[in-house]
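Here's the letter readout for the chains.
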Amino acid sequence: EAQVTQNPRYLITVTGKKLTVTCSQNMNHEYMSWYRQDPGLGLRQIYYSMNVEVTDKGDVPEGYKVSRKEKRNFPLILESPSPNQTSLYFCASSQGDSPLHFGNGTRLTVT
Amino acid sequence: QKEVEQNSGPLSVPEGAIASLNCTYSDRGSQSFFWYRQYSGKSPELIMSIYSNGDKEDGRFTAQLNKASQYVSLLIRDSQPSDSATYLCAVNIRGNYQLIWGAGTKLIIKP
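Residues numbered from 1 in each chain as written. Chains lettered and ligands numbered in written order. Predicted model: local features only at pLDDT ≥ 70, side-chain atom pairs only at ≥ 80, totals over all residues. Heavy atoms only, no water.

Draft legend 1. Just the interface of chain B and chain A, in detail. On the side of chain A, 21 residues touch chain B, which itself brings 18 residues to the contact. Between chain B and chain A, a total of about 1,600 Å² is buried, with carbon and sulfur atoms accounting for 53% of that surface. Of all residues in chain B, the largest losses of buried area upon contact with chain A belong to B:Tyr97, B:Gln98 and B:Trp101, amounting jointly to 40% of the total for that side. Our count for the chain B to chain A interface comes out at 0 salt bridges. Of all elements in the fold, only β4 (32-38), β5 (45-50) and β9 (85-92) of chain B reach the threshold of two or more residues within the side of chain B that touches chain A. (Contact = heavy atoms within 4.5 Å. Buried area = accessible area lost by both parts, 1.4 Å probe. Salt bridge = Lys/Arg side-chain N within 4 Å of Asp/Glu carboxyl O. Helix = DSSP H or I, 4+ residues; strand = E, 2+ residues; numbered from the N terminus.)

Structure, rendered in structure tokens:
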């Protein structure tokens with residue numbers, strides 16, 4: 001089954017404790033992206049990647065890191081999480097002009 | 001001016017009626033247009049994609065694209081309570097995988 005898999009689905013952590021949210025797709029897509037979604041603010045892009053070893057900042061990259069060492073994986077790293085990074089996070093992938101496929105989301109709470 | 005605009009709603013429609021959702025975009029060079037449905041706390045799921053002027057029908061859903069007027073709309077016929085959700089419009093403006101998202105329209109179908 002074609003899918004984008006994010007883990008974990010729920011994560012509660014404390015300020016400053018490094019964390020990684022994993023994202024993997026099995027569709028051989030070149031493009032992958034991370035979004036965060038907050039009430040009233042819609043989907044905001046954090047980082048995206050056009051291909052292996054190619055990443056770029058989106059609209060809200062501060063406080064986040066990503067890497068794309070292999071085509072299927074695109075982890076999101078929070079080196080020192082802060083409460084304002086409490087949000088619902090989505091990973092997505094696509095190929096060419098095709099629609100984005102989304103993962104199931106990760107709800108992160110930073111206390 | 002926002003690049004992709006949607007009325008935030010909520011839009012309230014009686015069950016069985018036609019729901020009409022609209023989206024305008026700013027870049028005349030836009031090529032790809034997508035409608036996603038998102039239930040609260042869930043990931044966006046693709047409803048329709050449209051790439052050329054005119055109508056595209058899929059079951060109870062019809063997407064309409066008018067590039068001259070720079071709008072894309074989604075019609076939902078025979079609306080059901082299960083159609084109650086937020087509908088997101090996304091446009092490929094920059095022609096490089098990147099999608100620009102509207103803020104979404106909340107649709108409520110009243111039984």
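Still more to cover.
Draft legend 2. Quick peek at the layout of surface pockets. Empty space within the largest pocket amounts to approximately 600 Å³. Around the largest pocket, the lining comprises 24 residues; the ones closest to its centre are A:Gln37, A:Pro39, A:Gly40, B:Gln38 and B:Thr86. For the lining of the largest pocket, the secondary-structure elements that each account for two or more residues are β4 (31-38) and β9 (87-94) of chain A together with β9 and β11 (105-110) of chain B. Among the residues making up the lining of the largest pocket, the classes are represented as 8 nonpolar, 12 polar and 4 charged. The wall of the second largest pocket is formed by 23 residues, among which A:Leu43, A:Asp59, B:Ile100, B:Trp101 and B:Gly102 lie closest to the centre. (1 Å grid on protein atoms, 1.4 Å probe; cavity = no way out; pocket = protein on both sides within 12 Å on 5 of 7 lines; lining within 4 Å. Points joined across faces, edges and corners; volume = space filled by probe spheres on them. Nonpolar A, V, L, I, M, F, W, Y, C, P; charged D, E, K, R; others polar.)

Draft legend 3. Up close: the side chain of B:Gln6. All names here are of chain B. Within the fold, Gln6 resides in strand β1 (residues 4-6). A residue is classified by how much of its surface remains accessible, and Gln6, at 13% relative accessible area, is buried. A polar contact is formed between the side chain of Gln6 and the backbone nitrogen of Cys89, at a distance of 2.9 Å. Among all residues touching Gln6, those that are not within four sequence positions of it are Asn22, Cys23, Trp35, Tyr87, Leu88, Cys89, Gly102, Ala103, Gly104 and Thr105. (Buried < 20%, exposed > 50% of the residue type's maximum accessible area, 1.4 Å probe, protein only. Polar contact = N/O pair within 3.5 Å; in protein donor to acceptor, adjacent residues only side chain to side chain.)

Draft legend 4. Structural detail: the pattern of salt bridges. Counted under the stated rule, the structure contains 7 salt bridges over all chains. Its salt-bridge partner being B:Arg60, residue B:Asp83 comes within 2.9 Å of it at the nearest N-O pair. Within this pair, whereas B:Asp83 is found in the loop between β8 (71-76) and β9, its partner B:Arg60 is found in the loop between β6 (54-58) and β7 (61-66), the two being separated by 23 residues in sequence. Judged by relative accessible area, B:Asp83 falls into the buried class, the value being 1%. One salt-bridge network, in which partners are shared between bridges, spans A:Lys18, A:Lys65 and A:Glu79.

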